[in-house]
There are 2 protein chains.
Amino acid sequence: MTSNNNILIAQGGGPTNVINQSLIGIIQEEKKNKSKIFGSINGVNGIINNNFKLLNKISLPTLKLIGNSPGAALGSTRDKPDQKYCLEILDILKRKNISKFYYIGGNDSSDSLKIISNQTKIFKHKLQCIHIPKTIDNDLVKNDHTPGFGSAAKYVAMLFSGINFDVKSLPGVYLGIVMGRHAGFLTAASSLLRKKKDDGPHLIFLPEIPFEIDNFLKLIKKEYEKNGKCIVAISEGIQDKHKKLISERTSKNQEFDSHGNVQLSGSSSLGDFLAEQIKKKLKISRVRADTLGYPQRCFPGSVSEVDQDEAFQIGRTAVHFSKTEKKSFSTGISERKNLEKIYKITFKINSLEDVAGKTKTMPSKFYDSKAGNVSKLFQKYALPLIGKKIPKTSSII
Amino acid sequence: MTSNNNILIAQGGGPTNVINQSLIGIIQEEKKNKSKIFGSINGVNGIINNNFKLLNKISLPTLKLIGNSPGAALGSTRDKPDQKYCLEILDILKRKNISKFYYIGGNDSSDSLKIISNQTKIFKHKLQCIHIPKTIDNDLVKNDHTPGFGSAAKYVAMLFSGINFDVKSLPGVYLGIVMGRHAGFLTAASSLLRKKKDDGPHLIFLPEIPFEIDNFLKLIKKEYEKNGKCIVAISEGIQDKHKKLISERTSKNQEFDSHGNVQLSGSSSLGDFLAEQIKKKLKISRVRADTLGYPQRCFPGSVSEVDQDEAFQIGRTAVHFSKTEKKSFSTGISERKNLEKIYKITFKINSLEDVAGKTKTMPSKFYDSKAGNVSKLFQKYALPLIGKKIPKTSSII
């Protein structure tokens, strides 16, 4: 280990079920470079607080266990560095002679990285800032999809397939509130394991489509009258036509994170509110609402093997790219041109400017806003991401 | 098939992840008896509405798929037959020449079966009423445990192990509201995959222990001050010292089923209320609450192989017992005498009177009410039930 090869890894934002696969991908690959590999504990926060851990000595079997674990193994943060914070970060990284800083995170984390990277020029420290994407929301621009999405999508798809059987047994209306602030990809994934024509979810409400309560009730009424049941997937981020979150009306106490985002998860008022509307206005007695919550990103029994492998590979690939690129960048997954072809991905380089702080939403070809549902093309896009290890099922009724 | 061998199967109450294993256990075994096997669609409701399905022709591969599926494959019901309803049922069963009626369900279903069975004497129709237990609540008396519990317990245990990693990443207070009206077994199962000393859940609140909000806040404060985080498992059935449900205070619109039970699941007001109390009174900013809801009983990715096998075997065994007993009964799992011994179960006969409508709660040896936690003995009791197919995990921090 030479001091020229000091590298730093951190993890930021909400963890996913495979964020540690990217971590161990980087560690295993940087070990080959004989780098001295530091981990910053709790994202950029650990840099400021001088809270580092040397990662070289973790054994391969332990690394594998870490890769299989949800949560961010190095800890995470919601801190968003401002100019002053960034100067402090750079001062510490310079003193530790860090040449590469790998930050595994979503679009907020890539934004932090962009700010730091821009400061290096005036700070006269040669530092490569390397972004490795993760987010269950799948909302990173310039990426076909994002590591972490496939496993969360698998949880949501499997849950709705289970709910299908449950609601067949005891009919009624079931509402499942799915994570996703601006992008409806995860909510749309509720459709992925529908097999029969009358399988739910029968209706899907996305943040991309302005939400109107009257239309919502009308569609549910129609479906319920047809089949005596209705399963509905609703994004926690549904908004009215003025882009105002519906959940802001239903929750008394709003909470904001340091990126200025309203905290959506961890409260269930949206589901309860919508269930009450259905009971009162449609006079349907059996209405149940679940807010799917944190299991979507950390339930250990629904990891997609495809997602897991890609998260590992993108970590390794970031290390390869760091040698050829010599500058800061965001590692990406190339957009598939033809969704009919056999599933295969390639990695690419995006500039931090292209990715940072931007949000991708569902393209309109992926949904049918009038029917309150997703398109077949979305299913072609997303089905390969959840992998093939799905329990096979059947029913009598 | 002779008309003497007409048998009927139905499923009642809230479904579990393995209720169909018992169904196919009965079907496979009754096929050997050359019985004509009818299924009643939607529990006792299907009898009244003459909604039967002949089950003999379902192929073995399809039966296996049905066994692997959540929900009640024959449909379920919350109907509770009164005297008049029972006479109608018996009239129809007599006309169909049904000699055995297998009803797979919880203590409410066994109560329905007891009422029907008691009517046979005055109705002059020879009918064996056979109860096969299922419930995720594990609250059936005279049973070591109940098929369905192990898989729900596995979901809850796995979820809390995932939450552990998630909260390690982004510390705060996490509340998980677990199903269970009177019995805390399922909530207690949240403890089963704790490995390290500081692993959560750090506190567990059961319906068996009178709930006091001041004590609840005091215990959370202490834990949070010690570790900067606190993971809490709370039963939806927690009650004050007057046996009044806490959720009755937090939910505006109460709903009752036909057994007179308050509907607890499908609303998340309890978790939201408790989270608000913590934020306000303890001034902790990051507090999240999930109401675990229906995934506990129907998520397809967390079935316990032990539970699955036992549910199948108890169905088969009910058929065997029906031949030796010649009278109505409830099939049961014998209480283990010594929890230190290698896990092994045996089946037994209970009378319907002994089981019907009664509720088992956690014995006091299974918890420490002062510490807000469960005992090691509970873990010895419950750990074998969730099986061994649990993902292995590790972390750095």
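Use the structure listed above.
The rules behind each value
- Residues numbered from 1 in each chain as written.
- Chains lettered and ligands numbered in written order.
- Predicted model: local features only at pLDDT ≥ 70, side-chain atom pairs only at ≥ 80, totals over all residues.
- Heavy atoms only, no water.
- Contact = heavy atoms within 4.5 Å.
- Salt bridge = Lys/Arg side-chain N within 4 Å of Asp/Glu carboxyl O.
- Helix = DSSP H or I, 4+ residues; strand = E, 2+ residues; numbered from the N terminus.
- Nonpolar A, V, L, I, M, F, W, Y, C, P; charged D, E, K, R; others polar.
- Pairing = 2+ DSSP bridges.
- Axes fitted to C-alpha atoms, helices over the stretch in contact; angles between N-to-C directions.
- Expected span 1.5 Å × (residues − 1).
- Buried < 20%, exposed > 50% of the residue type's maximum accessible area, 1.4 Å probe, protein only.
- Least-squares fit on C-alpha atoms with pLDDT ≥ 70 in both.
- Left-handed = near helix turned anticlockwise from the far one by under 90°.

Asker: Run through the interface of chain A and chain B, naming residues and quoting values.
Answerer: At the interface, 67 residues of chain A touch 67 residues of chain B. Its salt-bridge partner being Arg297 of chain B, residue Asp166 of chain A comes within 2.7 Å of it at the nearest N-O pair. Secondary structure elements with two or more residues in the side of chain A that touches chain B: helix H3 (60-67), helix H6 (149-169), helix H10 (269-282), strand S9 (287-291) and helix H11 (295-298) of chain A. Element by element, the count of residues in the side of chain A that touches chain B is highest for H6 of chain A, at nine residues. Broken down by class, the residue content of the side of chain A that touches chain B amounts to 27 nonpolar, 28 polar and twelve charged.

Asker: Any details on the sheet that holds strand S10 (residues 329-333) of chain B? Residues and values, ideally.
Answerer: Residues and elements named next belong to chain B. The strand order S3-S2-S1-S4-S5-S10-S11 describes an open sheet built from seven strands, whose pairing is mixed. Each having just a single partner strand, strand S3 (52-54) and strand S11 (347-350) make up the two edges of the open sheet. The sheet shows a mean angle of 25° between the axes of neighbouring strands, direction not considered. Across four bridges, strand S1 (residues 6-11) lies against strand S2 (residues 36-40) in parallel orientation.

Asker: Please provide a residue-by-residue account of helix H10 (residues 269-282) of chain B, values included.
Answerer: Its 14 residues place the ends of H10 of chain B 19 Å apart at the C-alpha level, agreeing with the 20 Å of an ideal helix rising 1.5 Å per residue. The buried fraction of H10 of chain B amounts to ten of the 14 residues, a majority that puts the element mostly inside the structure. Turning to H10 of chain B, its buried residues are Ser269, Leu270, Gly271, Asp272, Leu274, Ala275, Glu276, Gln277, Ile278 and Leu282 of chain B. Close packing links the buried residues of H10 of chain B with H10 of chain A together with strand S6 (173-178), helix H8 (213-227), strand S8 (230-235), helix H9 (246-250) and strand S9 (287-291) of chain B.

Asker: Explain the relation of the copies chain A and chain B residue by residue, including any values.
Answerer: Mapping chain A onto chain B calls for a screw motion: a turn of 180° about the axis and a shift of 0.0 Å along it, with 0.0 Å RMSD after fitting. The transformation just described matches what one would write down for a two-fold rotation axis. A symmetric contact is evident, with 100% of the interface residues of chain A recurring at the interface of chain B.

Asker: Break down the packing of helix H1 (residues 19-32) of chain B against helix H12 (residues 305-325) of chain B for me, with residues and values.
Answerer: Residues and elements named next belong to chain B. Running from amino to carboxyl end, H1 crosses H12 at an angle of 35°, the nearest separation of the two axes being 7 Å. H1 and H12 meet at a crossing whose hand is right-handed. Residues Gln21, Ser22, Ile24, Gly25, Ile26, Gln28, Glu29, Glu30 and Lys32 of H1 touch H12, and the partners they reach there are Gln308, Ala311, Phe312, Ile314, Gly315, Arg316, Val319 and His320. By residue class, the composition of the contact of H1 with H12 is six nonpolar, seven polar and four charged.

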